[in-house]
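Observations on chain architecture
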Amino acid sequence: MFGDRTALAVVNYSQKAILCVSPYSRSEGAVSLRVSNNGVDFTVGASSFEYVSVPVIAAVSPRNGPTAGGTLVRINGAHFAVNATWCNFGDPHGVKTLAVVESESSILCTTSPRREGSATVAISTNGVDVDAGGIRFRFHVPLRVDTVYPAHGPESGNTVVTVTGARFWAADTFICR
């Protein structure tokens with residue numbers, strides 16, 4: 001039982017473990033977790049389970065990065081777990097990376113390698129349940145620079161420089177550094 005509520009399903013996983021599915025809760029907070037094999041006699045002890053708010057993803061920056069992974073992505077939203085939050089780009093049950101938690105509303109995640117295309121950004125505050133906000137991250141083959149013209153200009157700046165190369169697909173912003 002989760003507090004005063006009976007679990008929706010219990011599966012006998014092994015002689016040393018069972019799987020319980022937590023029932024719906026109307027509020028956050030810790031409840032006692034008790035187990036019975038006859039529906040009458042329940043375990044006594046300090047086992048507990050905590051209900052937390054579902055995390056919400058509101059914004060992701062940047063919204064794209066190379067297929068090789070390694071892009072540091074800031075995710076803003078609400079209800080991120082301060083002690084541990086995981087990120088996932090693509091398959092919700094695939095590779096999860098541990099986030100750097102800045103606050104309950106901001107985390108930093110590093111993308112894992114992934115093939116070219118768009119992937120759903122998802123997070124998990126317990127390492128099991130995955131919540132996606134519908135925001136997509138685009139993985140692309142890295143840009144390539146072939147030529148820069150002119151190759152020099154005055155130190156006062158303001159020289160318009162043409163950069164040619166490959167894979168300059170449409171993006172919200174290009175930055176030259």
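An account of the accompanying structure is given in this report. (Residues numbered from 1 in each chain as written. Predicted model: local features only at pLDDT ≥ 70, side-chain atom pairs only at ≥ 80, totals over all residues. Heavy atoms only, no water.)

For the rest of this paragraph, the subject is the overall build of the protein chain. Summing up its helical and strand segments, the protein chain has zero helices and 15 strands in all. For 177 residues, the compact-globule estimate of 2.2 N^0.38 gives 16 Å, and the protein chain exceeds it by more than 25% at 24 Å. Dimensions of the protein chain, computed from C-alpha atoms along their principal axes, come out at roughly 85 × 30 × 20 Å. Expressed as a percentage of the 177 residues in the protein chain, the buried residues total 22%. Working note: accessible area of the protein chain is about 12,000 Å², and carbon and sulfur atoms make up 54% of it. Distance between charge centres in the protein chain, computed from 14 positive and 13 negative side chains, equals 7 Å. (Helix = DSSP H or I, 4+ residues; strand = E, 2+ residues; numbered from the N terminus. Rg over C-alpha atoms; globule rule 2.2 N^0.38 Å. Buried < 20%, exposed > 50% of the residue type's maximum accessible area, 1.4 Å probe, protein only. Areas by Shrake-Rupley, 256 points an atom, 1.4 Å probe, with all protein chains shown as cover. Lys, Arg positive; Asp, Glu negative; His and termini not counted. Charge placed at Lys NZ, Arg CZ, Asp CG, Glu CD.)

Okay, the sheet that holds strand S11 (residues 106-110) next. With antiparallel pairing, the four strands of this open sheet are ordered in space as S5-S7-S11-S10. Of all strands in the sheet, those bounded by a partner on one side alone are strand S5 (56-61) and strand S10 (100-103). Within the sheet, the average angular offset between the axes of one strand and its neighbour, ignoring direction, is 25°. (Pairing = 2+ DSSP bridges. Axes fitted to C-alpha atoms, helices over the stretch in contact; angles between N-to-C directions.)

This part is about the sheet that holds strand S8 (residues 86-89). Pairing is mixed across the open sheet formed by five strands, whose spatial order is S6-S13-S12-S8-S9. Single-partner strands in this sheet number two, and they are strand S6 (64-66) and strand S9 (97-98). Where strand S12 (residues 117-124) and strand S13 (residues 131-140) come together, six bridges link them in antiparallel fashion. The residue of S13 that forms the bridge with Ser-118 is Arg-138.

Once that is clear, we can look at the side chain of Thr-85. If you trace the backbone, Thr-85 turns up in the loop between strand S7 (72-78) and S8. Discounting chain neighbours no more than four positions away, the residues touching Thr-85 are Phe-80, Thr-97, Leu-98, Ala-99, Val-101, Ile-107, Ile-123, Ser-124 and Thr-125. (Contact = heavy atoms within 4.5 Å.)

Another point: the nonpolar core. By size, the foremost hydrophobic cluster in this structure holds 16 residues, and its most contacted members are Ile-75, Phe-89 and Ile-107. Elements with a minimum of two residues in this core: S5, S7, S8, S11, S12 and S13. Those residues in contact with Ile-75, other than ones at most four positions away along the chain, are Ile-57, Ala-59, Val-60, Phe-80, Cys-87, Ser-105, Ser-106, Ile-107, Cys-109, Val-121 and Ile-123. (Core = buried A, V, L, I, M, F, W, Y, C linked by side-chain atoms within 4.5 Å.)

Glancing now at the side chain of Thr-125. Among the structural elements, Thr-125 can be located in the loop between S12 and S13. Here Thr-125 falls in the buried class, since its relative accessible area comes to 18%. Ignoring sequence-local partners within four residues, the contact set of Thr-125 consists of Val-52, Pro-55, His-79, Phe-80, Ala-81, Ala-84, Thr-85 and Trp-86.

Let us look at a nonpolar patch on the surface. Where nonpolar side chains cluster on the molecular surface, the patch consists of Leu-143, Val-145, Val-148, Val-161, Val-163, Phe-168 and Phe-174 and spans about 570 Å² of accessible area. On the secondary structure map, Phe-168 appears in the segment after strand S15 (162-166). (Patch = residues over 30% accessible without salt bridge, like charges linked within 9 Å, V, L, I, M, F, W, Y side chains within 5 Å. Salt bridge = Lys/Arg side-chain N within 4 Å of Asp/Glu carboxyl O.)

Our focus in this paragraph is the pairing of S11. Burial analysis of S11 places four of its five residues in the buried class, the great majority of the element. Of the strand pairs in this sheet, S7 and S11 are connected by five bridges, and their pairing is antiparallel. Counterpart to Asn-76 in the pairing with S11 is Ser-106. Sheet topology places S10 next to S11; three bridges connect them, and they run antiparallel.

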